[in-house]
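In case you want the letters, here they are:
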Amino acid sequence: MAKELNEDTSFKVSIKSLVGIGIGMATLIGMYFTLQADIAEARTLPEPPAPEVTRMEFDMKDQMIRQTILTTQEDVKEIKEDILRIEQKIDKLN
């Protein structure tokens, strides 16, 4: 049996519940207006300039990377030669 809602229907809510609901609503409304103010402020701020990478800067970085690779290759060759010499010395000792 479902209860019917009409003019005579009543329900009880304590003062404590009403105060809690009021505080909750005030908090939500305050957060909404704060958010709206932050959005309005963000709209007025200038946009940061787009980073521009010039052709010269790109070429210089590319050249630096290529030079680093070549230097690393030379270092690896030197290390390989050192390892061969160490192996030869170990073989002589055995």
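For the structure itself, look to the data block above.
Rules of the game
Residues numbered from 1 in each chain as written. Predicted model: local features only at pLDDT ≥ 70, side-chain atom pairs only at ≥ 80, totals over all residues. Heavy atoms only, no water. Helix = DSSP H or I, 4+ residues; strand = E, 2+ residues; numbered from the N terminus. Rg over C-alpha atoms; globule rule 2.2 N^0.38 Å. Areas by Shrake-Rupley, 256 points an atom, 1.4 Å probe, with all protein chains shown as cover. Lys, Arg positive; Asp, Glu negative; His and termini not counted. Charge placed at Lys NZ, Arg CZ, Asp CG, Glu CD. Phe/Tyr/Trp six-rings, centres within 6.5 Å; stacked < 30°, edge-to-face > 60°. Buried < 20%, exposed > 50% of the residue type's maximum accessible area, 1.4 Å probe, protein only.

Novice: I tried to follow the overall build of the protein chain on my own but got confused; where do I start?
Specialist: When helices and strands are tallied, the protein chain shows 2 helices and 0 strands. For 94 residues, the compact-globule formula gives about 12 Å, and the C-alpha radius of gyration of the protein chain, at 38 Å, lies well above that figure. Across its three principal directions, the C-alpha atoms of the protein chain cover 110 × 50 × 30 Å. Of the roughly 9900 Å² of accessible surface on the protein chain, a fraction of 63% belongs to carbon and sulfur atoms. Between the mean site of the 12 positive side-chain charges and the mean site of the 17 negative ones, the protein chain shows a separation of 6 Å.

Novice: Explain the packing of aromatic side chains to me, please; I cannot follow it from the model alone.
Specialist: Remark: the centre distance and the inter-plane angle together describe each pair of aromatic rings, the angle taken between the planes. This model, assessed by the stated rule, comprises 1 aromatic pair. Where Tyr32 meets Phe33, the ring centres are 5.4 Å apart and the plane angle is 75°; that geometry is what we call edge-to-face. Under the relative-accessibility criterion, Phe33 is labelled exposed at 55%.

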